[in-house]
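Commentary on secondary and tertiary structure
In case you want the letters, here they are:
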Amino acid sequence: MVLWLAMRILQTRRSAFLGSFVALVCTCTLITACGLLFQSALTSHPPAQRYLGVPVVVAGHQSLGFTYGSGEGKDTEHVALPERVRPPAGLATRLRAVPGVADVVSDVSLPVGVADDGREISTSNPVQLHGWSSSRLTPYRLTKGRAPDAPREIVVDKGLAHAAHLSPGSRVTVADTDPAPGGYVVVGEAEARHAHPGLAVFVTDAEANRLSGGAVDVLGIFPAAGAKDTTVARAVDQELRGLPLEVRTGDDRGRAEFLDVDNALENVVALSATFGGISMAVALFVLAGTLALSVQQRRRELALLRAIGATGRQIRLLVSGETLVLTLLASVPGLILGAILAWIIRAILTDHGVAPRAMHLDVGWIPLLVAVGATALTAQLAVLVTGRRAGRLHPAQALFEAAVPSPRLGPGRLLLGVGCAVGGIVTVAATSSLSGGVLTAIAAGAVMLMLVAVGLLGPLVSRVALALLGPFIHGLSRTSGFLAVANSRAHTRRVTSVFIPLVLCTALGGTLVFLQTSRSHASHEQGHDRILADRMLSTHHGMPVSFVNTVRALPGVTDTAGIAPTTVVTGGWDSYAAQTITPDGGAPGLLDLDVTAGSLTDVRTGTMAMSTAQAHGHHVGDTVRIWLGDGTRRDLRLVAIYHRSIGFGDYLLPYAAVVGHTTSPLIQTVLVRTDPRADVDWPALLAANPGLHLHDRTELASADQDQEDLAAWTNYLLVALLIAFAAIAVVNTLAMATLARSREFATLRLTGATRLQVMRMIRWEAVLITIIALAVGTAITAMTLVPFSQGISGNGTPYIPPLGAAALLGVGVLLAIAGSALPARTVLRSRAAESPVTGA
Amino acid sequence: MAPNDSYVVILERIVKSYGGGSAGVRALQGISVGFRRRAFTAVMGPSGSGKSTLLHCAAGLDRPTSGSVWLAGRDLAQIPEPELTELRRRQMGFVFQSFNLVESLTALENITLPFRLSGMRPDRAWVREVVARTGLTDRVRHRPAALSGGQQQRVALARALATRPEIIFADEPTGALDLESGRQVLGLLREAVDDYGQSVVMVTHDTGAAAYADQVVFLADGRVVDEIVSPSAEAVARRMLAFGW
């Protein structure tokens, strides 16, 4: 019955619900977009390319499980491993003995740089070098020439041959793990007929084995004729008992090839989950305000229903029912817009390399249903408090309530408000030392708590602010200003519900954006101070460890060090960015990490250094257990604690500790210190190593660059969308509030105020509200940013680009004026005498 | 006054105050009054005399600060909230000065609304008769926006009658109507008492309306100051003048 009433009311009083409808459409859009991205990242399997020709592959299990607790409380946490987990030596032989297995092929991939005639062949992704027997896995077929036979013979794939005009007989130099790039003769050209793997070159198995130091990445299993793939897979699986390896078939094989894609997809999953959560919280807020406003404006009707005999419960159900119907209606445009938004976000993320291109948008009906459900849940939660208040309306009170509602705050509300404010501040204080993606979520959470506090204490805040601003505005405008202040003073509840979305905009936007700018700025500053070297060398694919010594041997060079990024997993089931360094000794003349304890010169085999952020509870001299990026456990002695970890990494390990445990055996950067008086023969070095780049003192790439980029993009994207949402909410709420005051405006007109004076009054009110909102928003932003930036950079001053701040404030002011002036103009257009009588 | 079958609503020493401290207002200062069954009682007084407050307390729309209200022998203070609402639904009818109807529903749906709220089926024959009596037969499918003020009040009255309540409370029912519509509504209220044995309590400031009643109770400053039985418009007017209003 209540639903019937709800539908009738919705049918006839459509304009009253427009504001809430718009808010619901926006909510549904945001939640749908997040849900679709989440689903897409989960279900995206890069299809098998390189391993298309072999039905069963054995590859590493790229996650580490930590089991803790016992008995009932036993649980396992999984941490993703970014470095390739490799099969142990001799496994290929063991697997050949498994019944049903015809052959086992070992595959290894080594990123190399190929140069023709002294110039590097530039490619978007590094060329991978493999042993020729692994060409069976794709498979590749020879289109020209023959297979490699001798150590210095190479077969190139068709793409590379075309790009560099290579053919059998051409000579190329390949920069790999040898100290200097080696000369090879192209003896053949191969093509992968059905698959599209990345660019590849093939050498003899022995040569590949030598260059890769005997490492094997993946084993391809060919079942015997007549044996079923699944049976063989199961048999192999048995053999793998106890090893951190997995058998993969079908689409799963692609994950063995594209290791970084898996990581990137995980990141997108995390991103959309965070984004979705924050969106729901913001939506809850905005909807609560909009729905409260719409119920407030229908007090009379609801009170009448109470008088006739509707129980409080029936009124609550009515309000919930209206919201539910409205939600379902809003879902239609919401789902469509959400899908479009998801498509746009995906495009942006893939364009900037944050999401892999292999991720397709998966528009299934499950995420769509979940989105509708989540929106409905958010809406119902939002209307809960309002519904209860409406249900408790004393019919007489509401029927006869004077136009001015009570300004006093109930004690419960006051207590809850203060509680939330305290909660927000405590959250910030307790977590200010965190970093990474978790920081965004916590910062947003703290801001939301404080916003709830502002919402609850709003009337109080309004009164105080008006008491302060009132005399000032009086002075500026005796009539319109006076009216504006008086009106706002009397209707503190309305003022509150109107400035909340604006505060939301400012506070959330300000916090997230400036948190990111502070972090980027700290990263830049630290990066600048970190490098003492005066030159840096890098290539597209990496340099062999021995190259560090080659450069060191050049006349005029006083010191060199090689840096390679990796990941470390700690006992806290978290992974952190780390850098490895060679040779031992921490390169004190090249790198200044602002060491606070111990010394970097002690960094050698068996030891490591960590950042101050990670060092709580540890002292120099302690033995710390960590796991490398491929899951290998290491117990290393802590020899130094350093401060400048932002944009670098939280751990510094000697390269020797990770040899053989990283996906690529190459290092990323070589730092060089030269004698200022000497003249180093750089041109010769560059000529001998095509593809080598020489940099002046610039920044060392962060070990965490992907994460940093993702975090930055998360923040900016989130902020853009949330500000858009909040902006719509601001205009919405203001419009609703203004349109409902037609009677008030008409009374003013009849008393003798001109249209212009009423418009001016509205503008002053907008100014008042904007000032209050921006002040409160800035206060919240400051309260959040200062402790966080203390944790980030050690000083309590966040980095706020003045242009950004001005833009944010300007947007706020524009929204406030647009939201009130435009509807007011509409309302004032009607003739003054109409409104008071009909009370429209 | 002892609970008695001849009185449908009895109020005993009702005090109602609003607000606290210096802003406090005592709307009713210890009123004791009874409204007779099958009678048309009018409550009159100047603004601020507390007559609307008295009506709200009598109808259970508001709880008095002290004192008790008895409806058909039951103490309203003893009845918890949802039950009180249900009681109101079944045993009371309301006609207010304005904003009587739910805008989104048709006249007929407004009339049968109390039944829907109870989840009960209305007595169709009775509803038809009430609709005919109030002269709304050809307007029942219209929404309030398409009805005149007088017609809207008649719909409210039809709704009040439809549940055959113990008592009908009317708060300035003719206040917003022109003379002709007002007379129609008052006539209907009179008929409800005479033909259907309904009890009606009407708050009004219009001496002409008071003349339709069987008894007029005069309020001033939250107290009963006089009563007239079988009033004529002249008698009422004279009495009001005598009190210097």
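Owing to the predicted nature of the structure, the values given are computational and were not obtained by experimental measurement.

A separate point is the packing of helix 1 (residues 2–12) of chain A against helix 10 (residues 312–351) of chain A. All names here are of chain A. Interhelical geometry of helix 1 versus helix 10 gives an angle of 55 degrees and a closest axis separation of 8 Å. Considering the angle they form, helix 1 stands oblique to helix 10. Our pair here, helix 1 against helix 10, has a crossing hand that is right-handed. Side by side, helix 1 and helix 10 meet where Val2, Leu3, Leu5, Ala6, Met7, Ile9 and Leu10 of the first sit next to Gln314, Leu317, Leu318, Gly321, Glu322, Val325 and Leu326 of the second. The class makeup of the residues in the contact of helix 1 with helix 10 is eleven nonpolar, two polar and one charged.

Take the confidence of the model for chain B next. Chain-level pLDDT for chain B is 86 on average; 96% of the residues reach the 70-or-more range. Interface confidence in the predicted complex, given as ipTM, is 0.83; pTM for the same model is 0.75.

Listed per partner, the contact involves 23 residues of chain A and 28 residues of chain B. Here chain A meets chain B over a buried area of about 2400 Å², counting both sides, of which 66% is carbon and sulfur. Applying the counting rule to chain A against chain B returns two salt bridges. For A:Arg306, the salt bridge is made with B:Glu81, and the minimal N-O distance between the two is 3.8 Å. Seen at the junction of chain A and chain B, the total is seven residue pairs in polar contact (both at pLDDT 80 or more).

Our focus in this paragraph is the side chain of A:Thr378. As for its placement among the helices and strands, A:Thr378 is situated in helix 11 (residues 365–391). Residues within four places of A:Thr378 in sequence aside, it is in contact with A:Ile31, A:Met280, A:Ala283, A:Leu284 and A:Leu287.

Looking now at helix 7 (residues 179–196) of chain B. Residue and element names in this part refer to chain B. Here helix 7 is 18 residues long and its end C-alpha atoms lie 25 Å apart, about the 26 Å a rise of 1.5 Å per residue gives. Inspection of helix 7 places Ser181, Gly182, Val185, Leu186, Leu188, Leu189, Arg190, Ala192 and Val193 among the buried residues, and these make up the whole buried set. Buried residues along helix 7 sit in contact with strand 3 (40–44), helix 5 (124–133), helix 6 (149–162), strand 8 (199–204) and helix 8 (207–210). Between the side-chain oxygen of the N-cap and the backbone nitrogen of Glu180 there are 3.2 Å, and the N-cap of helix 7 in question is Asp178. Taken from the residues just after helix 7, Gly197 is the one with a positive phi, measuring 70 degrees.

Residues and elements named next belong to chain A. Overall, the coordinates contain eight aromatic pairs over all chains when judged by the stated rule. With a centroid separation of 4.8 Å and 90 degrees between ring planes, the pair formed by Phe66 and Trp627 is classed as edge-to-face. Remark: Trp627 occurs in strand 20 (residues 623–628) and Phe66 occurs in strand 2 (residues 63–68); sequence separation between them is 561 residues. For the pair shown, Phe66 and Trp627 are each scored as buried. The interplanar angle of 70 degrees and the centroid separation of 4.9 Å between the aromatic rings of Tyr140 and Phe202 together place this pair among those described as edge-to-face.

With that settled, consider the environment of A:Ser63. Residues and elements named next belong to chain A. Within the element layout of this structure, Ser63 appears in strand 2. Linking Ser63 and Gln380, residues 317 residues apart in sequence, is a C-alpha distance of 39 Å. Not counting chain neighbours up to four residues away, the residues in contact with Ser63 comprise His78, Val79, Ala80 and Leu81.

Omega for the peptide link from A:Thr138 to A:Pro139 comes to -10 degrees, which places this bond in the cis form. You can see A:Pro139 is positioned in the loop between strand 7 (127–131) and strand 8 (140–145). Residue A:Thr582 is joined to A:Pro583 through a cis peptide bond whose omega torsion reads 0 degrees. Tracing the backbone through its elements, the reader meets A:Pro583 in the loop between strand 17 (575–582) and strand 18 (595–598). Even without a glycine there, the phi angle at B:Arg38 is positive, about 50 degrees. Summarising the element assignment, B:Arg38 is placed in the loop between strand 2 (25–36) and strand 3. Of the residues examined, B:Arg38 reaches a relative accessible area of 58% and is grouped as exposed.

Here the focus is a nonpolar patch on the surface. Residues and elements named next belong to chain A. On the surface, Leu414, Val418, Val422, Val426, Leu460, Val464 and Leu468 cluster together to form a nonpolar patch covering roughly 590 Å² of accessible area. Residue assignment for the nonpolar patch shows that the elements contributing at least two residues are helix 13 (411–431) and helix 14 (437–476). Ranked by the residues each element gives to the nonpolar patch, the list is headed by helix 13, at four residues. With respect to the helices and strands, the residue Val426 is situated in helix 13. Residue Val426 is classed as partly exposed on the basis of its relative accessible area, which comes to 49%.

All names here are of chain B. If you walk across this open sheet you meet the four strands as 2-1-4-5, and the pairing is antiparallel. Bordering the open sheet on either side are strand 2 and strand 5 (74–75), each of which pairs with just one other strand. When strand 1 (residues 7–18) meets strand 4 (residues 66–71), the two strands line up antiparallel, connected through five bridges. Residue pairing in the sheet places Glu12 in a bridge with Ser68 of strand 4.

Rules and cut-offs
- Residues numbered from 1 in each chain as written.
- Chains lettered and ligands numbered in written order.
- Predicted model: local features only at pLDDT ≥ 70, side-chain atom pairs only at ≥ 80, totals over all residues.
- Heavy atoms only, no water.
- Axes fitted to C-alpha atoms, helices over the stretch in contact; angles between N-to-C directions.
- Helix = DSSP H or I, 4+ residues; strand = E, 2+ residues; numbered from the N terminus.
- Parallel < 35°, antiparallel > 145°, perpendicular 65-115°, else oblique.
- Left-handed = near helix turned anticlockwise from the far one by under 90°.
- Contact = heavy atoms within 4.5 Å.
- Nonpolar A, V, L, I, M, F, W, Y, C, P; charged D, E, K, R; others polar.
- pLDDT = per-residue confidence, 0-100.
- Buried area = accessible area lost by both parts, 1.4 Å probe.
- Salt bridge = Lys/Arg side-chain N within 4 Å of Asp/Glu carboxyl O.
- Polar contact = N/O pair within 3.5 Å; in protein donor to acceptor, adjacent residues only side chain to side chain.
- Expected span 1.5 Å × (residues − 1).
- Buried < 20%, exposed > 50% of the residue type's maximum accessible area, 1.4 Å probe, protein only.
- Phe/Tyr/Trp six-rings, centres within 6.5 Å; stacked < 30°, edge-to-face > 60°.
- Patch = residues over 30% accessible without salt bridge, like charges linked within 9 Å, V, L, I, M, F, W, Y side chains within 5 Å.
- Areas by Shrake-Rupley, 256 points an atom, 1.4 Å probe, with all protein chains shown as cover.
- Pairing = 2+ DSSP bridges.

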